[in-house]
Structure formats: structure tokens, C-alpha cells
Amino acid sequence: MNRHVKFVLLTAVLASLVFALAAIGWRIHMVQNLGLELRPRPLAPFILLAVPAVLAVILWRSDRLLAEHRPSVFDENPRHLQASLIFIFVFTALCTAWMGLLYVAARPPEGELLIRLTVGLMGLSVAIRANLLAKLSPPALDRPFNRDAWSRAALRAGWGSACIGLVLIAAAAVLPLKPLFFACLAGSAALILLSLALRRAVRPG
């Protein structure tokens, strides 16, 4: 992994951890020292701390895979993978900061607009990156596999990702916040399924 990319990803992990600890610490201060009565949120601290932990595991695993040069879906385009990691890590760090603000009952001004703009940006990024999937070459594997099937799967993944991105943009514009949250979860799950389908296409031919 490029050291500059690793620095950005590590910074995002540390920023997420700082956001989580600051929110938890300030919440405790507000309740114990300022005497404020806030709505109980017993799972919130665990969720906030889980985000940097998950990012750290992903960073460690991604660094190992790239260092070992294992053939994969993105074997001939490692910059695509690293750029995707940067976007995901920075976006997740910002989401952690947002969750921390909500946890201490300090909702930023124009919060709904910010959420919609963020989801719209995410949808735009997914739609743009979908164009790269159709242009990727089959991975360089030593064993034989059905390259035509892989190319067709990559094309379907590209079209599917583009549709998901456009749907997220439309959802950010028209859906209420609660359905928008579930739309984001559904979009993430669909992207994961497309990625798994592309990997399953690497089979002996």
C-alpha cells in the first residue's frame, strides 16, 4: 500500500477514535458534572468505539493483501482499490463525528441538509466509480477460469453500481431521513453482493 494512502487511512482511524472518545467523555461530563438529564443511549458508546476498531481491522487486512500481491478483482488496478479505501475511511470518520455530535445532543445547524448532501455525494461517487468496473481486465490467476464470465459479471457489477448510485442520489432528494437511512443500508448491502458475485465469477473454466 502506498505510504501516503496508508497515512490518510490511519489518520481517518485515529480521527474516528478521537471523535468517539471525545463524545463519550463530554456526555459523561454533561451528566455527572452539569447535572443534565439526557435520553439514555446504552448502545451508542459501543457503536462509536466499534467504528475505529472495524476501520483498523480493514486497514490491517488491506495492507497485508496489497503487500502480498494476491491476484484479485482489482489486481490490475490497485489505485482504484486504494482510492475507494480513502473515500470509505474519510466518509466513515465524518459519520463518526456526526454520531458523536448527536450523542452529546449538539445537533449541528442544517443537519438534515448536511445528511442529504452527504448521501447524494456518496451516490455520485458510487455511480462514477461504477464506470471503472466495466474497464477492469480479468485478474491474472495461475489457474484457468472463465474470463468471459468474469467480464460479463464485471459489466453487470458496473451497471448495478451505477443504478445504486443514482437511486441514492434520488433518495437523498426525496425521502424522509428515517427511510433514507434504510436506503443507505440497502445500497451498501447491494454493493457488497455485487462485489461477491464478481469474485464468484473467478472460477475454474
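For the structure itself, consult the block above.
Residues numbered from 1 in each chain as written. Predicted model: local features only at pLDDT ≥ 70, side-chain atom pairs only at ≥ 80, totals over all residues. Heavy atoms only, no water.

1. Concerning the overall build of the protein
Link 1 in the chain: When its secondary structure is counted, the protein shows six helices and zero strands.
Link 2 in the chain: Listing every helix and strand of the protein by position from the N terminus yields α-α-α-α-α-α.
Link 3 in the chain: Per-residue burial over the protein gives 34% buried out of 205 residues.
Link 4 in the chain: Carbon and sulfur atoms make up 70% of the accessible area of the protein, which totals about 12,600 Å². (Helix = DSSP H or I, 4+ residues; strand = E, 2+ residues; numbered from the N terminus. Buried < 20%, exposed > 50% of the residue type's maximum accessible area, 1.4 Å probe, protein only. Areas by Shrake-Rupley, 256 points an atom, 1.4 Å probe, with all protein chains shown as cover.)

2. A few points about the packing of aromatic side chains
Describing an aromatic ring pair means giving the distance of the ring centres and the angle of the ring planes.
Link 1 in the chain: Across all of its chains, the model carries one aromatic pair by this definition.
Link 2 in the chain: Each ring, one from Phe-181 and one from Phe-182, has its centre 5.4 Å from the other, and the planes form 75 degrees; the classification is edge-to-face.
Link 3 in the chain: The ring of Tyr-103 carries the charged tip of Arg-27 above its face, separated from the ring centre by 4.6 Å. (Phe/Tyr/Trp six-rings, centres within 6.5 Å; stacked < 30°, edge-to-face > 60°. Lys NZ or Arg CZ within 6 Å of the ring centre and 35° of its normal.)

3. A closer look at a nonpolar patch on the surface
Link 1 in the chain: On the surface, Leu-10, Leu-14, Leu-17, Leu-21 and Leu-49 cluster together into a nonpolar patch covering about 420 Å² of accessible area.
Link 2 in the chain: Counting residues per element, the nonpolar patch draws most heavily on helix 1 (residues 3-32), which supplies four residues.
Link 3 in the chain: Counting through the fold element by element, Leu-14 comes out in helix 1.
Link 4 in the chain: On the basis of relative accessibility, which here comes to 48%, the residue Leu-14 falls in the partly exposed class. (Patch = residues over 30% accessible without salt bridge, like charges linked within 9 Å, V, L, I, M, F, W, Y side chains within 5 Å. Salt bridge = Lys/Arg side-chain N within 4 Å of Asp/Glu carboxyl O.)

4. Here we look at the nonpolar core
Link 1 in the chain: Of all hydrophobic cores here, the largest spans ten residues; its members are Val-5, Leu-9, Ala-12, Val-13, Val-51, Leu-55, Leu-59, Leu-85, Phe-89 and Ala-93.
Link 2 in the chain: Taken together, the elements giving at least two residues each to this core come down to helix 1, helix 2 (44-68) and helix 3 (78-103).
Link 3 in the chain: With four residues, the single largest contributor to this core is helix 1.
Link 4 in the chain: Apart from residues lying up to four places away in sequence, Val-13 is in contact with Pro-52, Leu-55, Ala-56, Leu-59 and Phe-89.
Link 5 in the chain: In this structure, Val-119, Ile-164, Ala-172 and Leu-180 belong to the second largest nonpolar core, which totals nine residues. (Core = buried A, V, L, I, M, F, W, Y, C linked by side-chain atoms within 4.5 Å. Contact = heavy atoms within 4.5 Å.)

5. A closer look at the side chain of Arg-116
Link 1 in the chain: Tracing the backbone through its elements, the reader meets Arg-116 in helix 4 (residues 111-133).
Link 2 in the chain: From its side chain, Arg-116 meets the backbone oxygen of Ala-172 in a polar contact 2.9 Å long.
Link 3 in the chain: Of the polar contacts made by the side chain of Arg-116, one reaches the backbone oxygen of Leu-175; its length is 2.6 Å.
Link 4 in the chain: Every residue in contact with Arg-116, bar those within four places of it in the chain, is listed here: Ala-171, Ala-172, Ala-173, Val-174, Leu-175, Pro-176, Leu-177 and Leu-180. (Polar contact = N/O pair within 3.5 Å; in protein donor to acceptor, adjacent residues only side chain to side chain.)

6. Regarding the pattern of salt bridges
Link 1 in the chain: The full count for this structure, using the stated rule, is one salt bridge.
Link 2 in the chain: Between Lys-6 and Asp-63 there is a salt bridge, with the nearest N and O atoms lying 3.3 Å from each other. On the criterion of sequence distance, the pair formed by Lys-6 in helix 1 and Asp-63 in helix 2 is long-range, its members being 57 residues apart.

7. What to know about the environment of Gly-187
Link 1 in the chain: Tracing the backbone through its elements, the reader meets Gly-187 in helix 6 (residues 177-200).
Link 2 in the chain: Spatially, the C-alpha atom of Gly-187 lies 9.1 Å from that of Ser-161, the residues being 26 residues apart in sequence.

8. A short note on the environment of Ile-169
Link 1 in the chain: Checked against the element boundaries, Ile-169 lands in helix 5 (residues 147-174).
Link 2 in the chain: Judged by relative accessible area, which is 32%, Ile-169 ranks as partly exposed.
Link 3 in the chain: The sequence separation of Ile-169 and Val-126 amounts to 43 residues, and the corresponding C-alpha distance is 10.0 Å.
Link 4 in the chain: If sequence neighbours within four positions are ignored, Ile-169 has contacts with Gly-120, Gly-123 and Leu-124.

Read these as spatial facts, not as claims about activity.
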